[in-house]
Amino acid sequence: MKKHTFFKNLLLILTLLMLNISCKKEANATAPTDLQLAAQVSDDGSGRVDFVASAGNADRYLFSFGQGTDESIRSADGKAYTIYAESGTYTVKVIAYAGDKSMEITKQITVDRNEVINNAGYVSPESYPGMTLVWQDEFNGSALDPKFWNFEEGNGTEGWGNRELQYYRKENTRVSGGYLTITAKKESFGGREYTSSRLTTEAKKDFLYGRIDFRAKLPKGQGIWPAFWALGANIRTTPWPFSGEIDIMEMVGGGSGKDNTAHGTVHYEDGGHKYVGGSTTLTSGDFFDQFHVFSLVWTETSLKWYVDNVEFYTFDTTGANKDEFRRSYFLLINLAVGGNWPGAPNENTVFPQKYIVDYVRVFQ
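Conventions we followed
- For every chain, the first residue of the written sequence is number 1, and numbering continues from 1 onward in sequence order.
- Predicted model: local features are reported for residues with pLDDT of at least 70 only, side-chain atom pairs are reported and counted for 80 or more only, and whole-chain, interface and lining totals are derived from all residues.
- Only hydrogens and water are removed before side-chain values are computed, so all heavy atoms of the structure are retained for them.
- Runs of H or I in DSSP of at least four residues are treated as helices and runs of E of at least two as strands, each being numbered from the N terminus.
- Restricting the calculation to C-alpha atoms gives the radius of gyration, and the globule rule supplies 2.2 Å times the number of residues raised to the power 0.38.
- Exposed residues in this analysis have more than 50% of their type's maximum accessible area, buried residues have under 20%, and partly exposed residues fall in between, with area computed by a 1.4 Å probe over protein chains only.
- Two residues form a contact once any of their heavy atoms are found within 4.5 Å.
- Only the protein chains shown count as cover for residues, and the accessible areas themselves come from Shrake-Rupley with a 1.4 Å probe.
- His is not counted, nor are the chain ends, whereas Lys and Arg count as positive and Asp and Glu as negative.
- Taken as the charge location is NZ of Lys, CZ of Arg, CG of Asp or CD of Glu.
- Two strands pair if DSSP finds at least two bridges between them.
- Note on geometry: axes are lines fitted to C-alpha atoms, helical ones only across the stretch in contact, with angles between N-to-C directions running from 0 to 180 degrees.
- To form a nonpolar core, buried Ala, Val, Leu, Ile, Met, Phe, Trp, Tyr and Cys residues must be joined to one another through side-chain atoms within 4.5 Å.
- We count a salt bridge whenever a side-chain nitrogen from Lys or Arg sits within 4 Å of a carboxyl oxygen from Asp or Glu.
- Put simply, two rings from Phe, Tyr or Trp (the six-membered ring, in Trp's case) pair if the centres are within 6.5 Å, and we call them stacked under 30 degrees between planes, edge-to-face over 60, tilted for the rest.
- Look at NZ for Lys and CZ for Arg. If either is within 6 Å of the ring centre and within 35 degrees of the ring normal, a charge sits over the ring.

## Here we look at the overall build of the protein chain
Next up, step 1: Across its full length, the protein chain holds 2 helices and 25 strands.
Next up, step 2: Relative to its length of 364 residues, the protein chain is extended, with a C-alpha radius of gyration of 28 Å against a globular reference of 21 Å.
Next up, step 3: Dimensions of the protein chain, computed from C-alpha atoms along their principal axes, come out at roughly 110 × 45 × 40 Å.
Next up, step 4: Buried residues in the protein chain amount to 46% of all 364 residues.
Next up, step 5: Taking all contacts inside the protein chain whose residues are at least 6 apart in sequence as the whole, residues at least 24 apart take part in 68%.
Next up, step 6: Accessible area of the protein chain: about 18100 Å², with a carbon and sulfur share of 52%.
Next up, step 7: In the protein chain, which carries 37 positive and 44 negative side-chain charges, the distance between the mean positions of the two groups comes to 10 Å.

In structure tokens, the structure reads:
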């Protein structure tokens, strides 16, 4: 019995000594130094990116790939890869560890998935009798043209006045292959759980009267709210709604009766905020399925809304109480997530969602 107790106690002492040595080694580990991160972006359109991290003294690494909901990946040798589902610019973070000490580095990478967009759907004429094409953007470059467009970033005031849930970022806009694509993502940024983009032509392009054609393929789902609209060019000196608003197209997603319905609305001041409008519903399919052309024909006396050149609503602008609609307006394109009208996304809402624009044309 005594011999057994002796060996038992000896084993316990040796175990404690080993733990003590291990803890001291951990506590006395030298911090990682000179952390570097290299990224090799595949050029085959697959979205694959290979990473190699290296640091002096490091014994392990932790990678986060900047996709919002992606899980972190551990690596003993500093090598890792991921496949991005969407084109875009991502911020990758790597943490190098040495014992209980660490250092981190971030790196931005740009991924081009070379997505093939199905161009099926209605295409509007390139000319109209008695009218001239005065401005167009066919999005044929590799970036948004700064001569025409501005980015509005952040979450505005009270979610841009609508309690929208997203944070607008430049990174959610892409121009490639003749299309403008705004992508709404479920990712945390700026205190919000979603990101998207909002563009305007304010102080760069504004218009008074004419026909505006806008060809786009819309996203869908509960809480998804794409819009193409116009605000009075004097909004900085004449507050809304005195400056006026023309909503050329809005779609409030959420299933049958929503994803297939487009709205046209005006907002103006007449003894208080007034708004009125109309809507049209596709006979089959959703606006997600293929491209459609949303148009506004604007004269001194009326506004008329069209989808695929079929009129669905007219608003009479005559009268002194509607003089907001006899002034110049600039254009806006945005993809909101949530807000007073659509409500929040739910468990059935799929992210990311894409708002794809083929062209904007103005005839006068």
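## A few points about the sheet that holds strand β5 (residues 79-83)
Next up, step 1: Taken together, 3 strands build an open sheet; the order of strands is β1-β2-β5 and the sheet is antiparallel. In the strand order of this sheet, the two ends are held by β1 (33-41) and β5, each with one partner. Recorded for the sheet is a direction-independent mean angle of 20° between the axes of neighbouring strands.
Next up, step 2: As paired strands, β1 and strand β2 (residues 48-56) are joined by 7 bridges and run antiparallel to one another. What sits directly across from Leu37, in β2, is Ala53.

## Remarks on the sheet that holds strand β7 (residues 101-111)
Paired through their backbone hydrogen bonds, the strands of a sheet run either parallel or antiparallel.
Next up, step 1: Read across the sheet, 4 strands follow the order β4-β3-β6-β7 without closing on themselves; strand pairing throughout is antiparallel. Across the chains shown, the open sheet's two edge strands, defined by having one partner strand only, are β4 (73-75) and β7. This sheet shows a mean twist of 20° between the axes of neighbouring strands, independent of strand direction.

## Examining the nonpolar core
Next up, step 1: Judged by nonpolar contacts, the single largest core of 47 residues is most densely connected at Phe214, Phe228, Ile246, Tyr355 and Val360.
Next up, step 2: Listed in part, the 17 residues of the second largest apolar core include Leu35, Ala53, Val94 and Ile109.

## A few points about the pattern of salt bridges
Next up, step 1: For the structure shown, the criterion picks out 15 salt bridges.
Next up, step 2: For Glu138, the salt bridge identified is with Arg361, shortest N-O distance 2.8 Å. One end of the pair, Glu138, is in the loop between β8 (133-137) and β9 (150-151); the other, Arg361, is in strand β25 (residues 353-363), and 223 residues separate them in sequence.
Next up, step 3: Between Arg198 and Glu152 there is a salt bridge; the shortest N-O distance is 2.6 Å. Here the residue Arg198 occupies a position in strand β14 (residues 198-200), and Glu152 occupies one in the loop between β9 and α2 (159-163), the gap between them amounting to 46 residues.

## Thoughts on the pairing of strand β17 (residues 224-232)
Next up, step 1: Most of β17 is tucked away: 9 of the 9 residues are buried.
Next up, step 2: Examined bridge by bridge, β17 and strand β24 (residues 329-337) share 9 bridges and lie antiparallel to one another. What sits directly across from Pro226, in β24, is Leu335.
Next up, step 3: Of the strand pairs in this sheet, β17 and strand β18 (residues 245-250) are connected by 5 bridges, and their pairing is antiparallel. Across the sheet, residue Phe228 finds its bridge partner in β18, namely Met249.

## Focus on the packing of aromatic side chains
Geometry of an aromatic ring pair is reported as the spacing of the ring centres plus the angle between the planes.
Next up, step 1: For the structure on display, the rule yields 24 aromatic pairs.
Next up, step 2: Ring geometry for Tyr194 versus Phe351: centroids 5.2 Å apart, planes at 35°, classification tilted. Pair noted here: Tyr194 is in strand β13 (residues 192-196) and Phe351 is in the loop between β24 and β25, with a separation of 157 residues, a long-range link.
Next up, step 3: Measuring from ring centre to ring centre gives 6.4 Å for Phe325 and Tyr329, while their planes differ by 10°; the resulting arrangement is stacked.
Next up, step 4: On the accessibility criterion, Phe325 (0% relative accessible area) is buried.
Next up, step 5: Aromatic ring contacts, followed pair by pair, group Tyr209, Tyr268, Trp298, Phe315, Phe325 and Tyr329 into a single cluster.
Next up, step 6: The positively charged end of Lys217 is found above the aromatic ring belonging to Phe288, 4.4 Å away from the centroid.
Next up, step 7: Above the face of the Tyr359 ring, Arg361 is positioned so that its terminal group lies 3.6 Å from the ring centre.

## Some remarks on unusual backbone geometry
Negative phi characterises most residues that are not glycine, and trans characterises most peptide bonds.
Next up, step 1: Cis rather than trans, the peptide bond between Trp240 and Pro241 has omega equal to 10°.
Next up, step 2: Within the fold, Pro241 resides in the loop between β17 and β18.
Next up, step 3: With omega at 0°, the peptide bond leading from Phe351 into Pro352 counts as cis.
Next up, step 4: The topology assignment puts Pro352 in the loop between β24 and β25.
Next up, step 5: The phi torsion at Asn309 lies on the positive side, around 65°, for a residue other than glycine.

## Let's talk about the pairing of β5
Next up, step 1: Going residue by residue along β5, you find Ala80 and Thr82 tucked away on one face and Lys79, Tyr81 and Ile83 left uncovered on the opposite face.
Next up, step 2: In terms of strand pairing, β2 meets β5 through 5 bridges, oriented antiparallel. Paired with Val49 across the bridge in β5 is Thr82.

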